[in-house]
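Residue strings, one per chain:
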Amino acid sequence: MHIQQSKVGKSGGPQYWLQNSPTHILEHIVRHKKCQVILQTPYGPVETAFNALDPCHKMVGGRVVKANAQHFRIQKGESKESIGEAIRRWFALDAHRDFESIEIEITFDKRSRFILVPTEVRWRPENAAKSLAKILPSTKEPLSFHSHFQSELWKKQIDQAQHSRPDALAWAVSQFKQFVHYYDQPEAKLVSEADLLRLAGAFDHLGLKLGPYLLRGFDCPASSFHFGEYPGYSCPVEIKKRASGFKYQIKNYQSLPRSVVLCLDYDTTHPHEHVDFIEVRSLVKFLSS
């Protein structure tokens, strides 16, 4: 299926109609009148203000009201940008070309919201195509780097840092090595969360900016990732010596957003859905090689 851009160069801005949609998708929209859209990005899924609507309804001031739109479509709602511009921004696409259409796949989350996955864009006027498959995360752990898995997004970021900022990367690697070496000594029996936060400067050179350390909820809720040419991705970070210590947060914060656990050692056998893990020890091993 795809979303077709209409109203090019006309007042009101571009609109995006759902085309060639499977029957079960259309029936789902009709049944619910509107479905919130979760957009898949190179970092993972993000919540949006967009809604998929049937032809007989539209969103006005956050409410669903009757309409005569004639098309199933993606409405921007309270967002300042259209779904097309959001895809352009998140995937770092050409800012000077108009979309003809955007090929998509749609699945559902546990709350019956759309997870919209853009797979290819076509440009006007030549109808040239650009695949987004290599940009999309091929795993449920796009921000993870540990002994069992290292995401391609992290590997690409490290490779870019090696070429564009080799001195800064070398300093970051030295900080990681010193940290792991010290806590491997017999006398260093305890690693505190504050100790791991001392690595914030080193992580900053790798695109992870740790936010202020709080004493309730997530440790660093205002953290963000900024990899390559993509925009920043806000994501709370929890600091743990061992990855398995995250069980408390899963139990006490049932409505978890996507989150990342920064740890010295990865020892989780069944990671929670939408939780990524960054293991300092694995980073040291990878960067040293």
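The residue numbers shown here count from 1 along each chain, following its written sequence. Reporting of local features is limited, given that this is a predicted model, to residues whose pLDDT is at least 70; pairs of side-chain atoms are given and counted only at 80 or more, and all residues count toward the totals for whole chains, interfaces and linings. For side-chain calculations, the full set of non-hydrogen atoms in the structure is used, while hydrogens and water are omitted.

A. Region of interest: the pairing of strand β8 (residues 99–108). By definition, two strands form a pair when at least two bridges between them are found by DSSP. Helix and strand definitions follow DSSP, with helices as H or I runs of at least four residues and strands as E runs of at least two, each counted in order from the N terminus. Sheet topology places strand β1 (residues 2–6) next to β8; 3 bridges connect them, and they run antiparallel. Paired with Q4 across the bridge in β8 is S101. Connecting β8 to the next strand, strand β9 (residues 114–123), in antiparallel fashion are 5 residues, including S112 with a positive phi near 65°.

B. Structural context of empty space enclosed by the protein. Definitions used throughout: a 1 Å grid over protein atoms alone; a cavity as a set of points that fits a 1.4 Å probe which cannot get out; a pocket as an open set with protein on both sides within 12 Å along at least five of seven lines; a lining residue as one with an atom within 4 Å of a point. Grid points are joined across faces, edges and corners, and a volume is the space filled by probe spheres set on the points. Taken as a whole and judged by the stated rule, the model has 1 cavity of 30 Å³ or more. When its volume is computed, the largest cavity comes out at roughly 40 Å³. If you go around the largest cavity, the residues you meet are L153, K156, Q157, Q160, F227, G228, E229 and Y230. Under the scheme applied, nonpolar residues are Ala, Val, Leu, Ile, Met, Phe, Trp, Tyr, Cys and Pro; charged residues are Asp, Glu, Lys and Arg; polar residues are all the others, including Gly. Its residues assigned to classes, the lining of the largest cavity comprises 3 nonpolar, 3 polar and 2 charged.

C. Summary view of the pairing of strand β2 (residues 15–19). Whether a residue is buried, partly exposed or exposed follows from its accessible area with a 1.4 Å probe, protein chains only, as a fraction of its type maximum: under 20%, in between, or over 50%, in that order. Side-chain alternation along β2 places Y16 and L18 on a buried face and Q15, W17 and Q19 on a face that remains uncovered. By the bridge criterion, 5 bridges tie β1 to β2 in an arrangement that is antiparallel. Counterpart to I3 in the pairing with β2 is L18. Two elements, β2 and strand β7 (residues 73–75), share 2 bridges in a ladder whose sense is antiparallel. Bridge pairing in β7 links Y16 to I74.

D. Main features of unusual backbone geometry. Put simply, R124 and P125 share a cis peptide bond, and its omega is -5°. Among the structural elements, P125 can be located in the loop between β9 and β10 (129–131). For N20, which is not a glycine, the phi torsion comes out positive at approximately 55°. Relative to the helices and strands, N20 resides in the loop between β2 and α1 (23–32). Given a relative accessible area of 63%, N20 falls into the exposed group. Despite not being glycine, S112 has its phi angle at roughly 65°, a positive value. In this fold, S112 is placed in the loop between β8 and β9.

E. Region of the structure containing the nonpolar core. To qualify as a nonpolar core, a set must consist of buried Ala, Val, Leu, Ile, Met, Phe, Trp, Tyr and Cys residues joined through side-chain atoms within 4.5 Å. Within the largest apolar cluster, 72 residues are counted, with the highest numbers of intra-cluster contacts made by F176, F225 and V280. Considering each element in turn, this core owes the most residues, 7 residues, to helix α4 (residues 166–183). Setting aside residues up to four positions removed in sequence, F225 forms contacts with Y43, L143, W154, G207, L208, P231, G232, Y233, C235, V260 and I278. Within the second largest apolar cluster, 8 residues are counted, among which are A243, C263, Y266 and F277. Throughout, a residue-residue contact means that at least one pair of heavy atoms, one from each residue, lies within 4.5 Å.

F. Expanded view of α4. Taking 1.5 Å as the rise per residue, α4 with 18 residues should run 26 Å; its terminal C-alpha atoms sit 26 Å apart, in good agreement. Listing the buried residues of α4 in full gives A168, L169, A172, V173, F176, F179, V180 and Y183. Projection of α4 onto a plane perpendicular to its axis shows the buried side chains occupying an angular sector of 135°, all on one side. Set apart from the buried face of α4 by more than 90 degrees, the exposed residues are D167, Q178 and H181. Its buried side turned inward, α4 meets α3 (152–164), α5 (193–197), α6 (200–204), β15 (259–265) and α8 (280–288). One fewer than the residue count of a helix, multiplied by 1.5 Å, yields its expected span. Working note: the arc is built from the helix axis to C-beta atom directions.

G. Here's a closer look at the packing of α4 against α8. The convention used is that axes are lines fitted to C-alpha atoms, helices contributing only their stretch in contact, and that angles between N-to-C directions extend from 0 to 180 degrees. Contact geometry for α4 and α8: axes closest at 9 Å, N-to-C directions at 130°. It follows that α4 is oblique to α8 by the angle criterion. Note that α4 runs across α8; the crossing there is left-handed. Two secondary-structure elements touch here, α4 through L169, V173, F176, K177, F179 and V180 and α8 through V280, R281, L283, V284, L287 and S288. Split by residue class, the contact of α4 with α8 holds 9 nonpolar, 1 polar and 2 charged. We call two directions roughly parallel when the angle between them is under 35 degrees, roughly antiparallel when it is over 145, roughly perpendicular when it lies between 65 and 115, and oblique otherwise. By convention the crossing between two helices is left-handed if the near helix lies anticlockwise of the far one by an angle smaller than a right angle, and right-handed if it lies clockwise.

H. Layout of the side chain of D276. Along the chain, D276 falls in strand β16 (residues 275–279). Two N or O atoms form a polar contact when they lie within 3.5 Å of each other; inside protein one atom must be a possible hydrogen donor and the other a possible acceptor, and for residues adjacent in sequence the pair counts only when both atoms belong to side chains. From its side chain, D276 meets the backbone nitrogen of L143 in a polar contact 3.2 Å long. Looking at D276, its side chain comes within polar contact range of the side chain of S144, at 2.9 Å. When residues no more than four places from it in sequence are discounted, the contact partners of D276 are K140, E141, P142, L143, S144, R258, S259, V260 and V261.

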